[in-house]
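# Architecture and fold: a report
What follows is the residue order along each chain.
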Amino acid sequence: MHILAFSTSPRYGGNSERLLDSVVSGLVAEGVSVGKYRLHEMKFVPCKGCGVCDREFRCPIGDEFQHLIEPLISCDGIVFASPLYFMNVPARGKAFIDRCQVFWSAKYHLGMDLFGSRRRLGLLVSCGGASAGPGGVPLFRGIEDTMTYFFDALGLEMMKSFLVSRVDRNEIITDKPDAVRNAREMGRRMAICLKDPAHECT
C-alpha cells in the first residue's frame, strides 16, 4: 500500500502540517508507505485552460506537476492537508487541484478508466481559526465541496474529513493533544480500510 500525503500550507510546521504528520505516523504504524509532498516547495504553474487534456490524456505544461501524474494514478490513496483560507484551499493547493483537470477530462471527456476497480481512499485534513463561517455557514463547507469533486476526478472514495476548528495561532495545535492523537488514529483507520475493502470508511 502506498499513500500520497500533500501539505498545502505555505508555513513550515503549521497546524495542518502537524496534523498531516500525525496521520502519516498512523499509516506508517500499520505498514503503509507514504510519500509526502509540500506543494510550496514544488515548481508548477496554475492550469492555463488550454483544453489539450479534453482531447488526449496529457498536460502540455512541462513543469514538476508532470512528476506527480504517475504517482497519482498508482497510489492507493491521498491525504490532503490544508489550512482554511477564505473557507477553502490556499492558492498553491488550488493550483494543484486545477492541474488535476487532466484526470477529470480523462474520466468525463475521454471515458478512460485510469484506476481500475481497486479501492482508493481520499482523506481531507483541515483546520481553521473560527468556529463557523459568516452567518453561521458551516466553516468547512467550501473546502469539503472542493475536495468532493477533486477526489471524484481521481477515482478516490472520500473518507469522513478530519476537521479542527478554533486553531488560529501557528502553535495552537500543540494545545489540542486530542486532535493530534485522533489524527494518528485516522491514519490507522485509513490503513485498515485499505487492507479490508469490506470495512466501512465513509
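These remarks concern the structure in this document. (Residues numbered from 1 in each chain as written. Predicted model: local features only at pLDDT ≥ 70, side-chain atom pairs only at ≥ 80, totals over all residues. Heavy atoms only, no water.)

## Quick look at the packing of helix α1 (residues 15–29) against helix α6 (residues 177–195)
Defined as follows: Orientation is described by lines fitted to C-alpha atoms, with helices fitted over the stretch in contact, and by angles between N-to-C directions that extend from 0 to 180 degrees. Under the scheme used here, helices are H or I runs from DSSP no shorter than 4 residues and strands are E runs no shorter than 2 residues, and both carry numbers assigned from the N terminus. Should an angle fall under 35 degrees it is called roughly parallel, over 145 degrees roughly antiparallel, and 65 to 115 degrees roughly perpendicular, with every other angle called oblique. Rotating anticlockwise by less than a right angle from the far helix to the near helix defines a left-handed crossing, while the corresponding clockwise rotation defines a right-handed one. We call two residues contacting when some pair of their heavy atoms lies within 4.5 Å. Just so you know the grouping, Ala, Val, Leu, Ile, Met, Phe, Trp, Tyr, Cys and Pro go in nonpolar, Asp, Glu, Lys and Arg go in charged, and all remaining residues, Gly too, go in polar.
Two elements in contact, α1 and α6, have axes whose closest approach is 7 Å; the angle formed by their N-to-C orientations is 40°. In terms of their interaxial angle, α1 and α6 are classed as oblique. For the pair α1 and α6, the sense of crossing is right-handed. Listed contacts from α6 to Leu 19, Ser 22, Val 23, Ser 25, Gly 26, Leu 27 and Ala 29 of α1 are Ala 179, Val 180, Ala 183, Arg 184, Gly 187, Arg 188, Met 190 and Ala 191. In terms of residue class, the contact of α1 with α6 is built from nine nonpolar, four polar and two charged.

## Topic: the side chain of Arg 119
For the record, the criterion: Any N or O atom pair separated by 3.5 Å or less is treated as a polar contact, with the protein-specific requirement of one donor-capable and one acceptor-capable atom, and with residues adjacent in sequence counted only for side-chain atom pairs.
Relative to the elements of secondary structure, Arg 119 occurs in the loop between α4 (101–108) and β4 (121–127). Side chain to side chain, Arg 119 and Glu 157 meet in a polar contact 2.9 Å long. Separated by 3.4 Å, the side chain of Arg 119 and the backbone oxygen of Asp 196 make a polar contact. In this structure, Arg 119 is in contact with Asp 76, Glu 157, Cys 193, Leu 194, Asp 196, Pro 197, Ala 198, His 199 and Cys 201, ignoring residues within four places of it in sequence.

## Regarding unusual backbone geometry
Worth spelling out the cut-off: For every residue, the accessible area (1.4 Å probe, protein chains only) is compared with the maximum for its type, and the residue is labelled buried under 20%, exposed over 50%, or partly exposed between those bounds.
The backbone of Phe 86 shows a phi angle near 50°, a positive value even though the residue is not glycine. When you line up the elements, Phe 86 lands in the loop between β3 (77–83) and α3 (91–99). A residue is classified by how much of its surface remains accessible, and Phe 86, at 86% relative accessible area, is exposed. Despite not being glycine, Arg 166 has its phi angle at roughly 60°, a positive value. Structurally, the position occupied by Arg 166 is in the loop between β6 (162–164) and α6. You can call Arg 166 exposed: its relative accessible area is 54%.

## Things to note about the environment of Leu 19
Residue position: Leu 19 is located in helix α1. Overall, Leu 19 belongs to the buried group, its relative accessible area being 0%. With 103 residues separating them along the chain, Leu 19 and Gly 122 place their C-alpha atoms 16 Å apart.

## Overview of the pairing of β4
How we decide: Should DSSP find at least two bridges between two strands, the strands are regarded as paired.
Judged by how many residues are buried, β4 sits mostly within the fold: seven of seven residues are covered. Of the two faces of β4, the one holding Leu 121, Leu 123, Val 125 and Cys 127 and the one holding Gly 122, Leu 124 and Ser 126 are both buried throughout. Here seven bridges tie β3 to β4, and the two strands are oriented parallel to one another. Among the inter-strand pairings, Phe 80 is bridged to a residue of β4, identified as Leu 124.

## Regarding the environment of Asn 15
By the element assignment, Asn 15 lies in helix α1. Classification of Asn 15 as buried rests on a relative accessible area of 3%. Here the alpha-carbon distance between Asn 15 and Val 167, two residues 152 residues apart in the chain, equals 7.5 Å.

## Quick look at the nonpolar core
Rule in force here: Buried Ala, Val, Leu, Ile, Met, Phe, Trp, Tyr and Cys residues that are joined via side-chain atoms within 4.5 Å together make up what is termed a nonpolar core.
Counting 34 residues, the largest nonpolar core has Leu 72, Ile 78, Phe 80, Phe 96 and Phe 103 as its most contacted members. Broken down by secondary-structure element, the contributors of at least two residues to this core are β1 (2–7), α2 (66–74), β3, α3, α4 and α5 (141–153). Contact partners of Phe 96, with chain neighbours within four places excluded, come to Phe 6, Leu 39, Phe 44, Phe 65, Leu 68, Leu 72, Phe 80 and Phe 150. Among the nonpolar cores identified, the runner-up in size contains 26 residues, and Ile 3, Cys 127, Val 167 and Ala 183 belong to it.

## Overview of the packing of aromatic side chains
Defined as follows: Side-chain rings of Phe, Tyr and Trp (the six-membered ring for Trp) are treated as a pair once their centres are within 6.5 Å; stacked means planes under 30 degrees apart, edge-to-face means over 60, and tilted covers the remaining angles.
As enumerated under the stated definition, the model contains 10 aromatic pairs in all. Each ring, one from Phe 6 and one from Tyr 37, has its centre 5.4 Å from the other, and the planes form 20°; the classification is stacked. One end of the pair, Phe 6, is in strand β1; the other, Tyr 37, is in strand β2 (residues 33–38), with 31 residues separating them in the sequence. A relative accessible area of 0% means that Phe 6 is categorised as buried. Exposure remark for Tyr 37: the relative accessible area of 23% places this residue in the partly exposed category.

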